[in-house]
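# Coordinates in review
Listed here are the chains, written in short residue letters.
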Amino acid sequence: MKKAEPFVSTTNACKMCTPLGAAMAFKGLEGCVPFLHGSQGCATYMRRYIISHFREPMDIASSSLGEKDAVYGGKANLMQGLLNVIGKYKAPAVGIATTCLTETIGDDVPTILHEFKKECLAELNGDMPALIHCSTPSYGGSHMEGFHAAVRAMVAQLADPATEKHGGINLFSGFISPEDIRHLQDVFAHFGLPVALLPDYSETLDGPALEDYQNIPGGGTPLDAVRAMPGAGASIEFGRTIKPERSAGAVLRDKYGVPLYSLGLPIGLRESDALFTTLETLAGCAAPRRCALERGRLLDAMVDGHKYVAGKKAVIYGEEDMAVGLTSFLSEIGVKPVLVASGGESGLLSEAVAAVTGEFPGDPPLVRDGVDFYQIVAEAEALEPDLVVGNSKGYRELARAHDIPLIRVGFPIHDRFGSQRVLHLGYRGALNLYDLIVNALIEKKQDDSPVGYGYI
Ligand code: SF4
């Protein structure tokens with residue numbers, strides 16, 4: 001009999017918990033309060049994680065289950081919790097995600113919500129908010145499974161089949177920064193394309209300073225825009241590692257015949273070109289001059305900065321689609337990705353990395369999915385990278401311990417200011433990343449040199 005490998009517990013996971021991703025997505029629906037069916041501790045951890053990155057208030061309600069409820073079920077808590085939240089927030093929508101506890105005890109949330117609507121409608125004076133729910137056991141995936149599950153649930157449960165055709169575009173842009181969302185909206189506006197971008201937390205998680213605290217911050221994808229999605233002319237969905245069963249765009253395609261354009265997260269030149277080519281097709285016109293100029297500036301920067309980046313080796317980690325986009329970008333600027341790692345386990349990471357690196361000479365990068373930082377550091381040490389690119393979770397054991405510059409991207413970034421305003425997408429985002437990378441390498445060279453070079 002084969003001897004079992006000694007069990008090693010996860011050490012500094014390279015992913016976050018599944019309902020955290022769902023809470024993020026629900027935060028991008030106008031007026032929606034994220035609600036966790038589980039214990040208080042889960043909601044507290046997620047609030048802390050999200051607030052530290054966005055530096056904005058993040059309310060996540062909870063059904064606050066205790067030991068007794070773990071034995072007898074959480075139905076009573078879920079119903080009472082919903083009544084409390086609806087009463088306190090007057091929210092037009094509540095996004096309910098399950099946790100490890102309620103998934104393990106097997107609470108039947110759809111049935112409980114069905115009963116809640118019947119039993120509590122009178123108590124709410126007939127004013128029942130939209131109740132959207134998704135199943136998000138954290139032992140079944142990463143925060144990205146939760147994010148996609150919530151986006152798909154919003155579409156599947158809110159879309160109105162009776163919507164008339166309106167020709168707008170649905171955009172499922174994935175887990176990106178508020179700055180990325182604003183940039184995408186600008187790009188669509190330049191093309192003259194009406195867009196329903198879901199989820200839009202560009203204001204709810206990066207809003208202006210206000211005199212008074214608002215229970216529900218302004219912004220978010222309007223509920224009516226989601227309801228009208230079956231009438232769109234097309235959907236665009238970012239992410240090379242989204243399986244069809246997790247895709248919101250696939251719901252609209254399969255149920256309502258809305259054509260779906262599945263693209264990689266538009267990071268770098270080629271993935272952004274794919275987006276702009278799609279927009280040209282949908283808009284029936286060439287990209288506006290300002291977009292063409294941004295592309296030209298990116299190419300100009302690539303020429304100017306090539307001497308600093310050429311031949312450098314990089315380790316990339318984080319959520320799978322962000323890692324794929326970054327790998328694509330680094331490959332095209334002459335940096336050699338030597339390791340691409342993620343805690344996610346879609347099973348599609350290797351294929352996606354091969355698709356964006358295949359045309360470049362040399363050995364392909366090592367690809368590791370389902371790994372934690374203990375494993376990433378162990379692999380990275382032998383590869384001697386010049387650069388690491390990922391979220392702030394890799395700072396201590398990888399970047400600091402081995403004195404390698406870290407380019408902070410994605411989520412979470414807990415040790416820098418302005419994390420919500422990091423621009424990753426489009427030609428402009430690529431230019432921003434390029435400047436960060438070149439300057440990090442220059443700074444490292446200066447720090448390592450006994451000579452105080454003022455010109456590099
Ligand atoms: S118990 Fe599960 S749902 Fe709760 S914080 Fe931990 S991983 Fe997330």
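We now turn to the structure provided with this report. (Residues numbered from 1 in each chain as written. Predicted model: local features only at pLDDT ≥ 70, side-chain atom pairs only at ≥ 80, totals over all residues. Heavy atoms only, no water.)

### Some remarks on the sheet that holds strand β1 (residues 32–37)
Here is the rule: Any two strands with at least two DSSP-identified bridges between them are counted as paired. Counting from the N terminus, the helices are the DSSP runs of H or I reaching at least four residues and the strands are the DSSP runs of E reaching at least two.
Taken together, 4 strands build an open sheet; the order of strands is β2-β1-β3-β4 and the sheet is parallel. Taken across any chain shown, the strands that pair with only one partner, and hence form the sheet edges, are β2 (61–62) and β4 (130–134). Sheet topology note: the β1/strand β3 (residues 93–98) ladder contains 6 bridges and is parallel. Its bridge partner being in β3, Pro34 is matched across the sheet by Gly95.

### Some details on helix α1 (residues 18–26)
Side chains that are three or four residues apart share a direction in an α-helix, a result of its 3.6 residues per turn. As a reminder, the rule being used: Think of it in three bands: with a 1.4 Å probe and only protein chains considered, a residue is buried below 20% of the maximum accessible area for its type, exposed above 50%, and partly exposed in between. Here a residue-residue contact requires only that any non-hydrogen atoms of the pair lie within 4.5 Å.
Burial of α1 is extensive: 9 of the 9 residues sit out of reach of the surface. Among the residues of α1, those classed as buried are Thr18, Pro19, Leu20, Gly21, Ala22, Ala23, Met24, Ala25 and Phe26. Turning to α1, the residues buried within the fold contact β1, α2 (40–54), β3, β4 and α7 (143–158).

### So, the side chain of His143
Topologically, His143 is positioned in helix α7. Residues contacting His143, with those up to four places away along its chain left out, are Lys15, Met16, Cys17, Thr18, Leu20, Gly21, Phe175 and Glu319.

### Here's the deal with unusual backbone geometry
Cis geometry marks the peptide bond from Leu198 to Pro199; its omega dihedral reads -5 degrees. Looking at the secondary structure, you find Pro199 in the loop between β6 (195–198) and α9 (223–227). In this model, Asn12 sits at a positive phi of 55 degrees, which is unusual for a non-glycine residue. As for its position among the elements, Asn12 is in the segment before α1. One non-glycine residue, Asp403, lies in positive phi territory at about 55 degrees.

### A closer look at a nonpolar patch on the surface
Basically, it comes down to this: Each patch is built from residues lacking any salt bridge and having more than 30% relative accessible area; the joining distance is 9 Å for like charges and 5 Å for nonpolar side chains (Val, Leu, Ile, Met, Phe, Trp, Tyr). For the accessible areas, the method is Shrake-Rupley and the probe is 1.4 Å, while residue cover comes only from the protein chains on display. Only one rule defines a salt bridge in this text: a Lys or Arg side-chain nitrogen within 4 Å of an Asp or Glu carboxyl oxygen.
A cluster of nonpolar side chains, contributed by Val451, Tyr453 and Ile456, occupies part of the molecular surface with about 250 Å² of accessible area. Tracing the chain through its elements places Ile456 in the segment after α17 (426–448). Residue Ile456 is classed as partly exposed on the basis of its relative accessible area of 33%.

Any functional reading would require information beyond the geometric quantities listed.
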